[in-house]
Structures are given as structure tokens and as C-alpha cells.
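Notes for the structure review
Residue-level listing of the chains:
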Amino acid sequence: MTEDHRITLQGESIAVSPGETILDAAARAGVEIPTLCHDPRLEPAGACRTCLVEIDGWRRLAPACATVAHPGMIVTTENARIDRHRRSLLALYATDHPADRAASEMGAPDQLLAMTERYDAPTDWGTMPPCREGRPDDRNPYIHYEPDTCILCARCTRYCAEVEGVSAITLAGRGSQTTISTVDRLSLLDTTCELCGGCVDVCPTGAMTEKLPLVREQKPERELEKIRTTCNYCGVGCQLDLNVDPEANDGRGAVVKVTSPEPGTTTNDGNLCVKGRFAYDFIDHPDRLTVPLIRGADGALHEASWDDALEAAARGLLGVKARHGPDALGFVSSSRCTVEENYLVQKLARAVFGTNNVHQCAAT
Amino acid sequence: MPPAIIQVESTGQWQRRSVGNDNAPRVPEILQRSGGLRAGVSREVARATGMPEAEVYGVGSFYHLLARPNAEIRVCTGLSCALAGAPRVLVAATQAGLAAEPCSCLAGCDVAPAVLRDRTVIPAVTVADVERAGPDASRLGSDSLGDDQRWLGTIGPERGDPEQLALHLGGAKDLAARAYQRSLALGPEGTIAEIEASGLQGRGGAGFPAHIKWSAVRRQAGTTRYVVLNADEGEPGTFKDREVLMRRPDLVVEGLAIAARALGAEDVYLYLRGEFEIPWRSLEQAIAAFEETRVFDGLRFHFHAGHGAYICGEETALLEALEGRRGMPRLKPPFPVEVGLWGKPTLIHNVETIACVPAILNRGGAWFKNLGRGEAGSKLYCVSGHVTHPGTYELPLGVTLDELVEAAGGYVGTLKAFSPGGASSGFLPASERRRSLGFEALAEAGSMLGSAGVVVLNDTVDMRWAAMQQLRFFEDESCGQCAPCRIGTRYLRVSLERHIDGERAGHSAPALDKVSEAAWQMNEGSICGLGQVAPLPLTTALEHFPEDFAT
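Calculation notes
Residues numbered from 1 in each chain as written. Chains lettered and ligands numbered in written order. Predicted model: local features only at pLDDT ≥ 70, side-chain atom pairs only at ≥ 80, totals over all residues. Heavy atoms only, no water. Helix = DSSP H or I, 4+ residues; strand = E, 2+ residues; numbered from the N terminus. Rg over C-alpha atoms; globule rule 2.2 N^0.38 Å. Buried < 20%, exposed > 50% of the residue type's maximum accessible area, 1.4 Å probe, protein only. Areas by Shrake-Rupley, 256 points an atom, 1.4 Å probe, with all protein chains shown as cover. Lys, Arg positive; Asp, Glu negative; His and termini not counted. Charge placed at Lys NZ, Arg CZ, Asp CG, Glu CD. Domains from an automatic or database assignment. Pairing = 2+ DSSP bridges. Axes fitted to C-alpha atoms, helices over the stretch in contact; angles between N-to-C directions. Parallel < 35°, antiparallel > 145°, perpendicular 65-115°, else oblique. Left-handed = near helix turned anticlockwise from the far one by under 90°. Contact = heavy atoms within 4.5 Å. Buried area = accessible area lost by both parts, 1.4 Å probe. Salt bridge = Lys/Arg side-chain N within 4 Å of Asp/Glu carboxyl O. Polar contact = N/O pair within 3.5 Å; in protein donor to acceptor, adjacent residues only side chain to side chain. Nonpolar A, V, L, I, M, F, W, Y, C, P; charged D, E, K, R; others polar. Expected span 1.5 Å × (residues − 1). Phe/Tyr/Trp six-rings, centres within 6.5 Å; stacked < 30°, edge-to-face > 60°. Right-handed = clockwise from strand over helix to strand, strands pointing away.

1. Describing the overall build of chain B
Each helix and strand counted, chain B has 24 helices and 16 strands in total. Its C-alpha atoms give chain B a radius of gyration of 23 Å, near enough to 24 Å, the size a compact globule of 551 residues would have. With respect to the three principal axes, the spread of C-alpha positions in chain B is 70 × 55 × 50 Å. Within the span of chain B, comprising 551 residues, buried residues form 65% of the whole. For chain B, the exposed surface amounts to about 19,100 Å²; the carbon and sulfur share of it is 49%. Charged side chains in chain B number 54 positive and 66 negative. The centres of these two groups are separated by 3 Å.

2. Let's talk about the domain arrangement of chain A
Partitioning chain A into structural domains gives domain 1 (6-78), domain 2 (91-215), domain 3 (224-284), domain 4 (289-324) and domain 5 (325-364). Placing a centre on the C-alpha atoms of domain 2 of chain A and another on those of domain 5 of chain A gives a separation of 46 Å.

3. Considering the sheet that holds strand β4 (residues 100-103) of chain B
Residue and element names in this part refer to chain B. Strand order in this open sheet of four strands is β4-β3-β5-β6, and the pairing throughout is mixed. Whereas interior strands pair on both sides, the edge strands pair on one side only; in this sheet they are β4 and β6 (120-122). On average, each strand axis in the sheet is inclined to that of its neighbour by 30 degrees, with strand direction left out of account. Of the pairings in the sheet, the one linking strand β3 (residues 73-76) to β4 comprises four bridges and is parallel in character. Looking at the pairing, Ile-73 lines up with Ala-100 of β4.

4. Considerations on the packing of helix α19 (residues 463-477) of chain B against helix α23 (residues 536-544) of chain B
Residue and element names in this part refer to chain B. Direction vectors running N to C along α19 and α23 enclose 165 degrees, while the axes themselves pass 8 Å from each other. One finds that α19 runs roughly antiparallel with respect to α23. The two elements α19 and α23 cross, and the hand of that crossing is left-handed. Of α23, the residues touching α19 (which contributes Met-463, Ala-467, Gln-470, Leu-471 and Phe-474) are Pro-537, Leu-538 and Ala-541.

5. As for the interface of chain B and chain A
Residue-level contacts link 56 residues of chain B with 57 residues of chain A. Approximately 4,600 Å² of surface area, both sides summed, lies buried where chain B meets chain A, with 56% of it carried by carbon and sulfur atoms. At the junction of chain B and chain A, the tally comes to five salt bridges. Residue Lys-514 of chain B is joined to Asp-124 of chain A by a salt bridge in which the shortest nitrogen-to-oxygen separation is 3.5 Å. In this assembly, chain B and chain A are joined by 26 residue pairs in polar contact (both at pLDDT 80 or more). Looking at the side of chain B that touches chain A, the elements with two or more residues in it are β1 (4-7), α2 (41-49), α3 (53-62), α19, α20 (483-504) and α21 (515-525) of chain B. Within the side of chain B that touches chain A, the residues separate by chemical class into 23 nonpolar, 19 polar and 14 charged.

6. Comments concerning helix α2 (residues 80-95) of chain A
Given 3.6 residues per turn, any residue in an α-helix points the same way as the ones three and four places further on. Taking 1.5 Å per residue as the helical rise, α2 of chain A with its 16 residues ought to reach 22 Å, and the 23 Å between its terminal C-alpha atoms agrees with that figure. Turning to α2 of chain A, its buried residues number three or more, namely Ile-82, His-85, Arg-86, Ser-88, Leu-89, Leu-90, Ala-91, Leu-92, Tyr-93, Ala-94 and Thr-95 of chain A. Residues of α2 of chain A that are buried make contact with β3 (52-55), β5 (74-76) and α4 (111-118) of chain A together with α20 and α21 of chain B. Between the side-chain oxygen at the start of α2 of chain A and the backbone nitrogen of Arg-81 of chain A there is a gap of 3.0 Å, and the oxygen is on Asn-79 of chain A.

7. Points about the packing of aromatic side chains
Under the definition given, this model contains 15 aromatic pairs over all chains. An angle of 35 degrees between the planes, with centres 5.4 Å apart, marks the rings of Phe-331 of chain A and Phe-353 of chain A as tilted. On the criterion of sequence distance, the pair formed by Phe-331 of chain A in strand β15 (residues 331-333) and Phe-353 of chain A in the loop between α10 (339-352) and β16 (358-360) is long-range, its members being 22 residues apart. Assessed through its relative accessible area of 11%, Phe-331 of chain A is described here as buried. Measuring from ring centre to ring centre gives 5.4 Å for Tyr-269 of chain B and Trp-342 of chain B, while their planes differ by 70 degrees; the resulting arrangement is edge-to-face. Within this pair, whereas Tyr-269 of chain B is found in strand β9 (residues 267-272), its partner Trp-342 of chain B is found in the loop between α13 (315-322) and β11 (346-350), the two being separated by 73 residues in sequence.

8. Regarding the pairing of strand β10 (residues 300-305) of chain B
Residue and element names in this part refer to chain B. Taking burial as the measure, the six residues of β10 include five buried ones, the bulk of the element. Pairing of β9 with β10 involves six bridges; the strand directions are parallel. In the sheet register, Val-268 faces β10, and the bridge partner there is Phe-301. On the question of chirality, the crossover connecting β9 to the parallel β10 by way of helix α12 (residues 277-293) is right-handed.

Below is the structure:
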């Protein structure tokens, strides 16, 4: 940012970086511009039209998300014309969208409905019957597409192509019939989809939504508590938010779903994989080991203390070493461990037991 | 491969740009050769081309000729064809056992109703024609046209004075390329100066001064430039480009060659709508004839077919289609003169615009300018609907409706309303019959000359019905990319339907009181011109014919 890179934004002079969009400059300056199709991870589309602003000397309103803030630009984000634009645009959206908040927010919060309230847009323009085709028979276990709630902002299809490089979904059809589809309307399981769930994460209206909480009739996301944690499926260390229903499990609480942190706030930039996003059921699974077990003389496993379990393991390992030598031992660590934990495993193998037989399951 | 995104230095705008070039696989054409979007085809095409299979499917599903491969015939249901009995033809075809579907304007409004079989238009098809052919689509032909099924319409003046006509549709083809030689002698600057002196305005709809585009392309730093012919004629009521391509393809080819030489382009792309198989052959023959003379050596002409999408007449949607993607208009600026085909500076002209160029070079810009009244040049006016001889008439730019219809043999019945420039221009009342049909004069009346597709309606027409035909068209042809157009076109159609149904059912008809605000939003918020003008048929009908909406 230099002094000669300045624009006037809603009457205030602000510095901008070369190449910065009006939207980004406004965000830094704390000036609110609504968006639906914008995502900082994606190239701008300018399709939802909510972010249109007025630029002096331009006849038409311009999308703030896709217009670079040029030095000297005079940009207006609030005036009668823009207010009328936002309200009439949102009124049109409302004719093509479920109005009942409870019904349309079974999953994630609906940013369109929130925006309609925020800008006090008319909702008395009538409604039209649903017209977009979905894939209700898609047998994939995780991702549900609700076409009636979809606003065709194409964040999901662009995310799938631009961030994941997968391109399993596409805008399909044309005009008012435009929908989100897979090739030949196949199940996601029969496509290149990796079930990362990024489409669910980026959807501003909850049209792309997670199946399990819906099927299990869990509380909608807005009634859940978010707890930031590190994914423990691999060593990358993705941050994710456990969505907890505190009343479930007789008050012990239960993880109902996993969502992404805001893009730009964590090292994984909000991106998750199928395991991190959808494979959280192990937490309360009855087969899950929650205490150490030692096999007794009777052949059965018995609960034990950590001290006893470690003692039993050490005794067994030292016994093998004594009878067969250190190279009879091998240590295999898990990719779910951190770098530090993996370091300690090789230290244990080499320094304590005297063998170089050490491996980690993600090493090959 | 998803399009890369570049930032244009000069304007700082973001712009989608494909990484490809003309050697990249063209998905729409491969889908066409594969018989359209049948189950499994997308996957095969994806394997063969390396494109993601969902993207192949997304592209195919955008274009009606690919997306609906099972239709044996398609019947145009545009306003002029509907007036001429297209709905009855459609019903008769279905009853005869044909897989028949309605379709948008086929540029055959003067020989209505027009029917499409594969990619060939059969003009002037009657219910009797359909009944005679029976369930065998290949036997379908127009009895009234006899052996001459070349899809030529009426033109006027048939043997006009070449001194008064820039295009002279009735004249003989001219392969001497004198204008091209003169352009070479003048050099690029001299040629562009002649275009500027002529006052030539784009004749595809916008009326934008041609020389500004030429100068802008010439000014670009990049040395790879392209010239593109926009022959995606599809505005309901418009069929002049078809006549130019059929009768004077020589003018089109020579005009393109002049532009390419003046702008330093070596590759010329010809984008013809998919339904223009017959005009395609005519243009191909003209290029072959010129090739024998080797006069345009060093220029390469590339043919590309559309696949059934009106929006691809919008120049940036056309570029997307040429690059093999869904025909969704780009954000502007930047304009194609800066960032066009494959990101290169590109001149895009409508067929009629480019066909004016040879006469301008031959006779001088001043001569061309003086042909018009107020604005420059002679102009092809298409007239259809309730007139005696629907057809294409070359008249001074700025004639009145009365003068045009006089050339077309007079009105049928009593004039009630007319569309001066296709569906996009809305409707004007009979009281405007003496207004100049020029770009400026019509803009002053809240309408536009557009593509000069004039549709005349007499007092037998209910303007609610007429508006409904146009609203259906825009809803079908919206690309669906931006919300104001995608939702708005449907909202207006549904509102009008509810209004009419309510009246029929004997209730008080639901008011159309949100229409004007929805129209304002569509005009303000839409990305491209389609959404911006799509409300006009309804808003102008409400404005000028309130009695038709009274309940």
C-alpha cells in the first residue's frame, strides 16, 4: 500500500494494494458489502449480484467482488439506488426460495434469509413453485442437494474445480431450470467426487448439506456449539469445528457434525477431507477403546490402569529383545500421530530398544 | 480444464480466460458428432478429451440441440410463427407420431411457421404438410415452396438502384475484391478512417460505432488479434443475416478480410448458429470461390457452429461458446476488443455490419453516410407479422413503419402495435407509426432499433398474449448465470400467467403491481443485455395497452 494508491470509499479516502478488489478494500476498511457467491478461495464470479456498488463515471453498477480498486476511484456502497437494488434483488430471490426459516435451515444457516432481514427486503412478491431438478436418489452417504434452496451462486462447482481440482459437479441446464448436477445425474459415488464436502462448506444457503444430521433429525446448526480442534486423522493438523449438541447423550453432549473454520483463519484454509468432515461417528462408537486393556491368563481382555498397561507392554518388548535380539522388534507408527510423536517413536526404537526397524504408515 | 483467471492490466478487471486455443478439443462439436447428450456420452467424450466429465455434461446440457437429442422436429413458436399457426403445426406433428418440440426463433419469421429437422430449417410448413409427411420426419417439406426449398425469403427492393444500396441483396455476387484491394492501398489507418467517415453502427442490436471497435483492437499491444463473425441470428423477428449469408456471402467474406488485414489478424472465426446449415453452405461456397482467386492468401477462415442458444449472440457468450464452454456472458469491462477470444484482442461484428464494409471502401464513407436519414447508411429491415409481403427490405436507416410496410405491400388488417427491433425492443403503439426507425429515435421512445426485426400486430391480437410469447422466449433463453435474469424472466411470465388465469377463473385477476420493480431490478442488476431488456415486452404492453390488461 502506498500513498498514491488510494480510493474514495463511501466518502472516506482509503489506501488500497495494487490489484485489490473493491470488496477486499472495503472489508479492510470495515465497510459492509453483502455477498453470496463470493469466497476468498475462489476466483470472482460476479453472479449473485448482491455486491453491486456505484463507481463514479460508470453507467452501470459494478460487482465489488470482481472489480479492482483503481487509484482515484470514487466508490459508493450505500445510496438510494444501491438500496433499491439490494431490496428488489432480494425480493426476487425470495420468490424462488423457501420463506420458512425453520424449514430451510435444517442444516446450515441460510445467508440469503439473513440478508433479506438485514436489508428489510420485501417478501410480498409471491412465490413460485420449485423448478430445479435434484438427485434425490443419490445413494452417497454424506452429501444431500436440496435444489429448492439453491441460488445457483456456483460456489460449490467452482470450489470443486478450482480448489479441489475434482470437477465432480457442474452447472447444468439453462435459464430458470439451471441446477447443480453430476455427469448424467449420477450418484456422487459413481463420479470423480472424493466426498470432501467442500460443496457443503461453501454453500451460502444450506442447499448443499450433510445427510447424516438430516437423517438423524439433529438440531440445526444454529442451535449447536462450535468447538475448534485439530483433526486427528493425519499429521497435517487441519483445524475443524466440532458442532456439539450439549443436551445429547443425557447431557454429556454429542458431536453432531463437523464444519470448517472461516477461510483464511487456519492453515488448512477451511478445507477438509472426507475423514475430517464426515468420519466423526467414532467418538461415541461402542467399539471404541477408551481404557487400556490387558489380555489375562484366561485369554480375555481386562480393563487396566495406564501404569499397568505400559508395564505389561514394556515387559513383553524387553522379553522379545532378550530372547531374539533387538532386530526382532519393529515399530510402526501412525500417520494420525504428530511429527513430534513420530519422532519419539523412532527415539524409542533406536535409543531404548536398539533397532532401526521403525516405520510410519504414511512413509511409503 | 477450468478457465484460468487473468487480470487485465489496463482496466484491472478480472476475466475468465481459457488456457486453450483452437487446437484444444471442442466439446460441443464432439458431443454433436456423438449424437448429443445421451447417457454415457459425456463420459466417453471426457475420456477422449481429458475434460472433466461433469464439465462435458454441463456444456452439453446448456445447448438445446445437444441436450435434447431425441427431438425429430422442432417447431418455432416465436411471435411471428405463432401468428402464422405454429401451435397447430406442433399439435399436428405430435398427433402424426413425430417427436416434436417447440423451439425458439429460427430466423424464419418471413416464411412462418419455420420447422427445424436436424439442423436444417424447413420454411413455411403447414398443418397439411405435416399430415402428408406423417410419422416420417424425412418426408416433411413445404408444399407452398415447391422445389425451391433454399430458405430464401422476399427481398426488396428486388432490383434496386445499387447507388442507393450498400448491400444490394438482389445483386450478383462480386468476387473481384476491389474493396479489399482499395483497403490495402489505403492502409490500416486509412481504412479505419473510411469506416469512421461512414458512420457505420453495429447492426446486431447495440448500434455501437464500428470504427471505435476497429481502432481499439488496432491499439492493443498484443500482436495476435482475431476477427469473429457473429452469425448467431436469433432475435425473434429477425432474419436479415440469413438473407445476407444466402444471397451476398461475398460481401461478408470480403468485409471480414478487410477487417482482418486492417487489424493485423490472420485468423477469422465464423460463428453460425447451429440451425444455419443452409446459410453455412452458402458462406462456405463463397470462401471456396475466393480461395480459387487466392486473393485472401494468408488469411484463415474457421467455421464454428452454435448448438441452440440465443444468448450466444451476446458477444462474450459467443466467445465462451467458441472456446467450447457454456455460453454464459462474461463480466464487462474488459470488452472483447481488449480481452476477447482466448484472451486476445478481438473484433466481433454482426453479419450485416461486416457486409457493409466493402461498399464503404468502394464508394467511400461519405457516400454510405448519406444513404441514411439522420443516421448513416442503408439498413436491412426485417418485417413480419400482419403485413402483405413479409421479408427483408433495404431502406434508408431511419424510415418510418408506414414506409417500411408500404414497401412490404401494406398492412393486413388495422395496425395495433409493433416491435421495432425484435422481442428485446418491446412493443410500440400504432401512434408511433411515423416515428423514424433509427437507433436514436427509437431509444427516445424507450424502445430500440436492435436488430431491426420489425413485427407488425393488427387489432386481432391481445397484447397479453403477445407479451407472453416474448416472456417465454426470454425465460427459455436466459443463460441462468445471474439471479436478476434467471429468476426475473420466470417471475414475469408467472405473474402474467396468474393474472390471466385469475381472470379466466372469474376471480379478480392478481395485480401485476410488482412487475415494474422486478423490471427495474432486471435492468439494473443483470450481467448482460438479455436480462436488461427482457421485461420490455411486458412493461411496454402495460404502458401502451392498459386496456388489454383491464379486468
